[in-house]
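Next come the chains, spelled out residue by residue.
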There are 2 protein chains.
Amino acid sequence: MAGFRKVPAPTLESVAARAGVSRATAGRILSGKAGRGENSKAVHEAAAELGYVANYAARSLMTRRSDAVAFVVSEPEESVFLDPFFATVLRGVHEGVAARERQLTFIIVSSEHDRHRLQQFIVGGHLDGLMFGAFHGADSLPDAVRALGIPVVQCGRPHEADDDLAFVDADNVGGGRAAAGYLLDRRAFVVHVAGPADMTPAQDRRAGFDLELAGRGLTATQDRTVHAPFTVQGGREATEVLLDRHPQLDGVVAASDAMAVGAIQALTARGRRVPEDVGVVGFDDVPLAEAAQPPLTTVRQPIRQMGREVADLLLDQIDGRSGPRHVLLPTTLRVRGSA
Amino acid sequence: MAGFRKVPAPTLESVAARAGVSRATAGRILSGKAGRGENSKAVHEAAAELGYVANYAARSLMTRRSDAVAFVVSEPEESVFLDPFFATVLRGVHEGVAARERQLTFIIVSSEHDRHRLQQFIVGGHLDGLMFGAFHGADSLPDAVRALGIPVVQCGRPHEADDDLAFVDADNVGGGRAAAGYLLDRRAFVVHVAGPADMTPAQDRRAGFDLELAGRGLTATQDRTVHAPFTVQGGREATEVLLDRHPQLDGVVAASDAMAVGAIQALTARGRRVPEDVGVVGFDDVPLAEAAQPPLTTVRQPIRQMGREVADLLLDQIDGRSGPRHVLLPTTLRVRGSA
DNA sequence: CTGAAAGCGCTTACAG
DNA sequence: CTGAAAGCGCTTACAG
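Considerations on the protein's contact with DNA strand D
Stage number 1. Residues in close proximity to DNA strand D total 26 residues, the closest being T25, R28 and N39 of chain A together with L12 and R23 of chain B.
Stage number 2. In the model, a base oxygen of DNA strand D is placed 2.4 Å from a nitrogen or oxygen of the R28 of chain A side chain.
Stage number 3. A distance of 3.2 Å separates a phosphate oxygen of DNA strand D from a polar atom in the backbone of N55 of chain B.
Stage number 4. Secondary structure elements with two or more residues in the surface near DNA strand D: α2 (23-30) and α4 (56-63) of chain A together with α2 (23-30) and α4 (56-63) of chain B.

A look at α4 of chain B
Stage number 1. Where α4 of chain B is concerned, the buried positions are Y56, A57 and S60 of chain B. One face of α4 of chain B carries all of its buried residues, which in axial projection span an arc of 95°.
Stage number 2. Turning to α4 of chain B, the residues buried within the fold contact α4 of chain A.
Stage number 3. For α4 of chain B, the capping residue at the N-terminal end is N55 of chain B, with a side-chain oxygen 2.9 Å from the backbone nitrogen of A57 of chain B.
Stage number 4. Of the residues flanking the end of α4 of chain B, it is R64 of chain B, one or two places downstream, whose phi is positive at about 60°.

Thoughts on the packing of helix α11 (residues 232-245) of chain A against helix α12 (residues 257-269) of chain A
Residues and elements named next belong to chain A.
Stage number 1. Contact pair α11 / α12: the axes reach a minimum separation of 6 Å and the direction vectors enclose 45°. Between α11 and α12, the interaxial angle falls into the category oblique. Regarding α11 and α12, the two cross each other, and that crossing is right-handed. Between α11, through V232, G234, G235, R236, T239, E240 and L243, and α12, the contact on the second element is made entirely by A258, M259, V261, G262, A263, Q265, A266 and L267.
Stage number 2. Grouping the constituent residues of the contact of α11 with α12 by class yields eight nonpolar, five polar and two charged.

As for the interface of chain A and chain B
In many analyses, interface size is given as the accessible surface area lost on bringing the parts together.
Stage number 1. Listed by partner, the interface residues are 56 residues for chain A and 56 residues for chain B.
Stage number 2. Buried surface at the junction of chain A and chain B, both sides included, amounts to about 4,900 Å², of which 57% is carbon and sulfur.
Stage number 3. Viewed at the interface, chain B and chain A are joined by two salt bridges.
Stage number 4. Note that E101 of chain A is salt-bridged to R117 of chain B, the shortest N-O span being 3.6 Å.

A look at the protein's contact with DNA strand C
Stage number 1. In the vicinity of DNA strand C lie 27 residues, with L12 and R23 of chain A together with T25, R28 and N39 of chain B positioned nearest.
Stage number 2. At the protein interface, 59% of the atoms of DNA strand C within 4 Å belong to sugar or phosphate.
Stage number 3. Here a base nitrogen of DNA strand C sits 3.4 Å away from a polar atom, N or O, in the main chain of A58 of chain A.
Stage number 4. Residue T25 of chain B places a side-chain N or O atom 2.5 Å away from a phosphate oxygen belonging to DNA strand C.
Stage number 5. Mapped onto the surface near DNA strand C, the elements with two or more residues apiece are α2 and α4 of chain A together with α2 and α4 of chain B.
Stage number 6. Partitioned by chemical class, the residues of the surface near DNA strand C number 11 nonpolar, seven polar and nine charged.

Remarks on the relation of the copies chain A and chain B
Stage number 1. Structural alignment of chain A on chain B gives an RMSD of 0.1 Å, achieved by rotating through 180° and translating 0.0 Å along the axis. Taken together, the turn and the small shift mark the pair as related by a two-fold rotation axis.
Stage number 2. A shared binding surface is used by both copies, with 100% of the interface residues of chain A retained as interface residues in chain B.

Describing the pattern of salt bridges
Stage number 1. With the rule as written, the count across this model stands at 42 salt bridges over all chains.
Stage number 2. Between R18 of chain B and E49 of chain B there is a salt bridge; the shortest N-O distance is 2.6 Å. One end of the pair, R18 of chain B, is in helix α1 (residues 12-19); the other, E49 of chain B, is in helix α3 (residues 40-50), with 31 residues separating them in the sequence.
Stage number 3. Across the pair D143 of chain B and R146 of chain B runs a salt bridge whose closest N-O atoms are separated by 2.9 Å. Remark: R146 of chain B and D143 of chain B occur in helix α8 (residues 141-147); sequence separation between them is three residues, near one turn of the helix.
Stage number 4. When its relative accessible area of 34% is taken as the criterion, D143 of chain B is described as partly exposed.
Stage number 5. Counted as one network, the salt bridges with shared partners bring together R100, R102, D312, D316, D319 and R321 of chain A.

Comments concerning the sheet that holds strand β8 (residues 251-254) of chain A
Residues and elements named next belong to chain A.
Stage number 1. Pairing is mixed in the open sheet, where six strands are placed in the order β7-β6-β8-β9-β10-β12. Of all strands in the sheet, those with a lone pairing partner are β7 (225-227) and β12 (332-334), marking the two edges. Taking the axes of each pair of neighbouring strands and ignoring which way they run, one obtains an average angle of 20° across the sheet.
Stage number 2. Both strand β6 (residues 190-194) and β7 contribute to a ladder of three bridges, which runs parallel.

Regarding the sheet that holds strand β12 (residues 332-334) of chain B
Residues and elements named next belong to chain B.
Stage number 1. Ordered by their spatial adjacency, six strands build an open sheet running β7-β6-β8-β9-β10-β12, and the pairing between neighbours is mixed. Of all the strands in the sheet, just β7 (225-227) and β12 have a single pairing partner and so form its edges. Direction aside, the axes of adjacent strands within the sheet are offset by 20° on average.
Stage number 2. Here four bridges tie strand β6 (residues 190-194) to strand β8 (residues 251-254), and the two strands are oriented parallel to one another. Residue pairing across strands places V190 opposite G251, the latter belonging to β8.
Stage number 3. Sheet strands in contact with helix α12 (residues 257-269) are β6, β8, β9 (279-284) and β10 (297-300), and its direction is about 160° off that of β9.

Considerations on the side chain of T239 of chain B
Residue and element names in this part refer to chain B.
Stage number 1. For T239, the position within the fold is in helix α11 (residues 232-245).
Stage number 2. Polar contacts involving the side chain of T239 include one to the main-chain carbonyl oxygen of G235, which spans 2.6 Å.
Stage number 3. With residues up to four places along the chain from it excluded, the contact list for T239 reads V193, A263, A266 and L267.

Let's talk about unusual backbone geometry
Stage number 1. At the junction of V274 of chain B and P275 of chain B, the peptide bond is cis and its omega measures out at 10° in the coordinates.
Stage number 2. In this structure, P275 of chain B sits in the loop between α12 and β9.
Stage number 3. A positive phi angle, near 60°, is found at D67 of chain A, a position not held by glycine.
Stage number 4. By the secondary structure assignment, D67 of chain A is in the loop between α4 and β1 (68-73).
Stage number 5. A positive phi angle, near 120°, is found at D284 of chain B, a position not held by glycine.
Stage number 6. With respect to the secondary-structure elements, D284 of chain B resides in strand β9.
Stage number 7. The exposure class assigned to D284 of chain B is buried, which follows from its relative accessible area of 12%.

A short note on the packing of aromatic side chains
Residues and elements named next belong to chain A.
Stage number 1. Inspection of the entire model under this criterion finds five aromatic pairs over all chains.
Stage number 2. Seen in terms of ring centroids, F71 and F106 are 6.4 Å apart; in terms of plane orientation they differ by 5°. Their pairing is stacked. Of this pair, F71 sits in strand β1 while F106 is found in strand β2 (residues 103-108), placing the two residues 35 residues apart along the sequence. Of the two residues, F71 and F106, both sit in the buried class.
Stage number 3. Judged by centre distance (5.8 Å) and plane angle (75°), the rings of F85 and F86 are edge-to-face.
Stage number 4. Residue F85 is classed as buried on the basis of its relative accessible area of 13%.

The rules we used
- Residues numbered from 1 in each chain as written.
- Chains lettered and ligands numbered in written order.
- Predicted model: local features only at pLDDT ≥ 70, side-chain atom pairs only at ≥ 80, totals over all residues.
- Heavy atoms only, no water.
- Near = heavy atom within 4 Å.
- Polar contact = N/O pair within 3.5 Å; in protein donor to acceptor, adjacent residues only side chain to side chain.
- Helix = DSSP H or I, 4+ residues; strand = E, 2+ residues; numbered from the N terminus.
- Buried < 20%, exposed > 50% of the residue type's maximum accessible area, 1.4 Å probe, protein only.
- Arc of directions from axis to C-beta.
- Contact = heavy atoms within 4.5 Å.
- Axes fitted to C-alpha atoms, helices over the stretch in contact; angles between N-to-C directions.
- Parallel < 35°, antiparallel > 145°, perpendicular 65-115°, else oblique.
- Left-handed = near helix turned anticlockwise from the far one by under 90°.
- Nonpolar A, V, L, I, M, F, W, Y, C, P; charged D, E, K, R; others polar.
- Buried area = accessible area lost by both parts, 1.4 Å probe.
- Salt bridge = Lys/Arg side-chain N within 4 Å of Asp/Glu carboxyl O.
- Least-squares fit on C-alpha atoms with pLDDT ≥ 70 in both.
- Pairing = 2+ DSSP bridges.
- Phe/Tyr/Trp six-rings, centres within 6.5 Å; stacked < 30°, edge-to-face > 60°.

Geometric values such as these leave the question of function open.
Next up, the structure:
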């Protein structure tokens, strides 16, 4: 093989020489800091002819900017890429970052070593800001990063209330209420298949469910809720528990679409028809919801837009624009066949 | 809000001062270019106490390295993140890149403007190498990038034979043969639901199918193949065409698992049972294959490992190690319930 | 092994 | 608006 060598890129020096001006002048004109000088045209032409692009390392050394931001996930590597929620968030994030001409880097932190490397990476000046997309438990990483003095936005409400930590989330409480309300208007005994108790979206959806029941005078309903992982299997097993506990149930609010599919499996296995005997409402409105049999009535959260907002919030901070620190996007009930 | 300011990072200068040596010496010791000097310990301690990390922009300016590589997809943005194939490739790529301490950047090129920006980005020195993950049609982008003098690896066989362009692929020809052979051993009339004619994996799988038929003395079998998109719908529609054309068919080699699911839908709709009346073999072995009803007999390609190999091949080029330029990973038949 | 010095390519006060 | 000059933080021949 021939071996490779980077083609030497043209420098500001060479552009200046070709245009017959100083390096400083060429630099100012190309960065738009010199309005309408005599030399403007000559410099632009020289740059175009040479295919000049500023060397980013040199620029970064002066400006202390990298023009790169990272999306960090601290889930175990396995799940991230195949999770349709993250996949869609990422789409929005990419869109928002690209629209403002920054570079998106992708980082997975799954070990102590990874955490350490990320810190090194930041101290080294690689990143202007970070977005975090983890939901499990309380994570100290966002705070640790903020202590380094760089902007951070969290995707999803953080565990501890912290007015300084910017975040974007869907209105999970409202969504939980809407789902519960829809079923309570139509069914006699409604239960909740909740997500993991240590994840804020699960907590908020459950809070919405509880709120709606309480609003209708239903109290002491804790035994109507069972927590489980956000998966088909989790939904199936939680529903089995609830069926044993409340054989009369005829409405299920599931905390995710996958869980709703599991709930339908469990119900069907016990001879209950959906939606004839039991109404089931999902949450998220991922592709699975439409593909399910029957198609899922579900609470839609605008996942892609959440990604965009995360990117925008971060970039606003980096650029020193003031704006909201917390964004809560509305959720909406989509009625299909399952309830 | 308080506004933010980057915490000034410690410099080599400050480490040197604290250790009582020159900047040059400190730099050499920290980069391992000075073996066992008197000062070694003092410098390491000073660096640890200060939390020193080399400023990457300054380093990059000298070394002409960015220590970052990019995975580039030129599909329209929509499909990439949700495609389980790319999701899994990306997992492997991330793993391989992280293992060698580089940074992975993710780039989507969906317009002329995006292409231009990518070129700028490269000329600006942001990237040490690129991986391409597009399959549709002949794409000039990898060549354009290589012309800039930086290493490139393609994920999947490129359209034009080009010994200089490194690539990683699964043995699609072998997989196509295996699928056809398996069915031909058991069935009387086997057809092929092929992928898009302009995509190399589809071409190679079909070539394997044709080869196997020819090897058994079956000629003039072009009318046993119909091309369609790599989707459930594509598989369904192609199968309908084949059923009209060859009502006697009793074996289907599908070019993807999604297509196999579509084939099963079409067959079932026409009253054929799978696998009793017709055997169906998929390709890829994505999660869908196991979840399908019946579970798919399919040709497995080691997708994640492909990602790893792509990363390794690229990093080997960047590091100047010589090695294979083309890697073909074996495919294996997984027998489940559909054939 | 060590230090003084040059230089990577850019941006930015400082004078004019 | 323009130019000469300093400086960002590092690496790396060059002498010793």
